[in-house]
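Notes for the structure review
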Amino acid sequence: MSPDLRTLAESDLPEWLRALNNAFLMPPTVAPEEVAARRPGIDLERTQGVFDEGRCVATFRSMPRELTVPGGGLLAASAVTNVSVTATHRRRGLATRMMSRDLTDAKERGEAVAILIAAEYPIYGRYGFGPATWINEWDVDVPRSGLDRRWAGPAEGRVDLMTPAEVRKIGPELHERVRRLTPGAIERTDRWWDLDTGQLVFPSNPWKEPFYAVYRDAAGRVDGLATYSIKEHRWSNKFPNVTLETGKLIAASPAAELALWRYLLSVDWVTELKSGYRAPDDILPLLLGDPRAARTETNADFMWLRVLDTPRALEARTYAGAGSLVLDLHDAADLAGGRFRLETDTDGRATCTPTRDDADLSLDIAELGTLYLGDESVLRLTALGRVTERRPGAATRADTLFRTPRRPWTPDGF
Ligand SMILES: CC(=O)SCCNC(=O)CCNC(=O)[C@H](O)C(C)(C)COP(=O)(O)OP(=O)(O)OC[C@H]1O[C@@H](n2cnc3c(N)ncnc32)[C@H](O)[C@@H]1OP(=O)(O)O
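Residues numbered from 1 in each chain as written. Predicted model: local features only at pLDDT ≥ 70, side-chain atom pairs only at ≥ 80, totals over all residues. Heavy atoms only, no water.

As recorded in an unreviewed UniProt entry, the protein chain goes by GNAT family N-acetyltransferase and comes from Streptomyces fildesensis. In its Subunit (unreviewed entry) section, the UniProt record describing the protein chain reads: "Homohexamer; trimer of dimers." UniProt, in its Sequence similarities (unreviewed entry) section for the protein chain, records the words "Belongs to the acetyltransferase Eis family." (UniProt positions renumbered as here; feature names shortened; annotations may be inferred.)

Next up, the structure:
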């Protein structure tokens, strides 16, 4: 009997979570309390499981999210997660079957793009995804950072430490503002905040209270929040030698961002600051007296994007001025391909319509995913042979339209 692929019923969940843990190399048995805690975060309608002789051997699910695009528009996205195939059933096409089904369903639901965070780089390009946002992680040698150790707080506004309960109240409104300013960001659910502030704890993942530093501007408006923790206290010969790990740092203004980084870098005893995953063009290294003190620990792709509805996706974002481009898009899965004319006006607003005109650029739908949020250079992809220029100068024109002044960033996983 061939394995049976289906949407989960309520009673399938414990076995499905067990399969997920198997593939993600975590202790397989999931306690009933864990299943109960996870259940509200899972929309059964958007799950898939493959069962072989009653045993779950593959998992998949997606959830609706709003993706911020250049210009601040919000685009309906299908956020794909928990993709797994048990090692006993690998390389038989199970992931491909689940992905094909979910992408078709997402398009029917009216989601213009699918997004995911790839466990490994080579997996998702074949399904039309391209890496759309990147992350950087820095390790700062604080004593060599060249910062004035007498820093006593921001010149304007203030930084205060707050309790998890206070953050649970003020965090969501702040994040709503921040994510609209951040192409590549998605919303945080109430559940996200409950987990972050210890109101909801998974039995398998005990919560340790972090520190929460909040920045308010001179008028008292909450404009920034940084979460951080200390891994271990190391003292040798009575010298403090402590590592501060930044959790999430979000800021709605440059003043808030500067004040919070400066605060974290000035906590007494701290000799090493780990930044956590940040935008690749985060200000952190350049605010140091000596940027060499910020060593890059990670520089990697983060969120991958797959266009499902080309006109809607391209019309949702804005561009750097007026222009016109004909894109010939190849899509092996036949979801979003075709030839389209993109017209932009001086305000950067766009229309995108099917056309039979000659193409300016030909590319695969996965390359459009890479270019969509403005992070990659069309010229660079042309040099690699991944974009073909059909009209001289078209790649440069496309770069002028698509690229953004700051790089997109996805602050949260999903
Ligand atoms: C969004 C997320 O959830 S990311 C998490 C992804 N999950 C994991 O990394 C957990 C461990 N790995 C797994 O569970 C599985 O190996 C998966 C899900 C990555 C792949 O599942 P499979 O059922 O083996 O994939 P499937 O058989 O459909 O493979 C399709 C193609 O992708 C290739 N492929 C699959 N996984 C990988 C990989 N990790 N690296 C390189 N190629 C891969 C296969 O070789 C195959 O290529 P082909 O079409 O040229 O023959």
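1. Focus on the domain arrangement of the protein chain
Assigned domains within the protein chain: domain 1 (4-111), domain 2 (138-297) and domain 3 (303-402). Contact with domain 1, which involves 14 residues of that partner, is made by 13 residues of domain 3. Between domain 1 and domain 3, a total of about 1,100 Å² is buried, with carbon and sulfur atoms accounting for 70% of that surface. Summed over the shared surface of domain 1 and domain 3, the result is 0 salt bridges. Remark: the boundary between domain 1 and domain 3 carries 4 residue pairs in polar contact (both at pLDDT 80 or more). Elements that contribute at least two residues to the side of domain 1 that touches domain 3 include exactly β3 (55-68), β4 (74-85) and α3 (94-109). Take the side of domain 1 that touches domain 3: its biggest share by element is 4 residues, from α3. Residue classes in the side of domain 1 that touches domain 3 are distributed as 7 nonpolar, 5 polar and 2 charged. (Domains from an automatic or database assignment. Contact = heavy atoms within 4.5 Å. Buried area = accessible area lost by both parts, 1.4 Å probe. Salt bridge = Lys/Arg side-chain N within 4 Å of Asp/Glu carboxyl O. Polar contact = N/O pair within 3.5 Å; in protein donor to acceptor, adjacent residues only side chain to side chain. Helix = DSSP H or I, 4+ residues; strand = E, 2+ residues; numbered from the N terminus. Nonpolar A, V, L, I, M, F, W, Y, C, P; charged D, E, K, R; others polar.)

2. Points about the sheet that holds strand β15 (residues 323-330)
Hydrogen bonds between backbone atoms are what pair the strands of a sheet, whose relative direction is either parallel or antiparallel. Spatial strand order, β17-β16-β15-β18-β19: 5 strands in an open sheet with mixed pairing. Sheet topology places β17 (350-354) and β19 (387-389) at the edges, where each strand pairs with a single neighbour. In this sheet, neighbouring strand axes are inclined to one another by 25 degrees on average, regardless of whether the strands run parallel or antiparallel. Both β15 and strand β18 (residues 361-364) contribute to a ladder of 4 bridges, which runs parallel. Counted as the bridge partner of His 330 is Asp 364 from β18. Contacts between helix α10 (residues 394-402) and the sheet are confined to β15, β16 (338-344), β18 and β19, with β15 contributing the most and set at about 105 degrees to the helix. (Pairing = 2+ DSSP bridges. Axes fitted to C-alpha atoms, helices over the stretch in contact; angles between N-to-C directions.)

3. A closer look at the sheet that holds strand β8 (residues 158-162)
Strand order across the open sheet formed by 7 strands is β8-β9-β10-β11-β12-β7-β13, with mixed pairing between neighbours. A strand with exactly one partner marks an edge of an open sheet, and here the two such strands are β8 and β13 (294-301). The sheet shows a mean angle of 25 degrees between the axes of neighbouring strands, direction not considered. Here 7 bridges tie strand β7 (residues 134-141) to β13, and the two strands are oriented antiparallel to one another. Following the sheet pairing, Ile 135 is matched in β13 by Ala 300. Running over the sheet, helix α4 (residues 164-180) touches β8, β9 (211-216), β10 (222-236) and β11 (239-251) and is turned about 125 degrees from β10. Lying over the sheet, helix α6 (residues 254-264) contacts β8, β9, β10, β11 and β12 (270-274), oriented at roughly 160 degrees with respect to β11.

4. Some points on the pairing of β10
Pairing of β9 with β10, which is carried by 6 bridges, proceeds in the antiparallel orientation. Following the sheet pairing, Val 214 is matched in β10 by Leu 225. With antiparallel pairing between neighbouring strands as the criterion, β9 and β10 make up a hairpin whose turn holds 5 residues, including Gly 220 at a positive phi of roughly 95 degrees.

5. Quick look at the layout of surface pockets
The calculated volume of the second largest pocket comes to roughly 710 Å³. If you go around the second largest pocket, you meet 36 residues; those closest to its centre are Leu 181, Thr 182, Pro 183, Arg 406 and Arg 407. Looking at the lining of the second largest pocket, the elements that each hand over two or more residues are α4, β11 and α6. Considered class by class, the residues forming the lining of the second largest pocket number 20 nonpolar, 7 polar and 9 charged. (1 Å grid on protein atoms, 1.4 Å probe; cavity = no way out; pocket = protein on both sides within 12 Å on 5 of 7 lines; lining within 4 Å. Points joined across faces, edges and corners; volume = space filled by probe spheres on them.)

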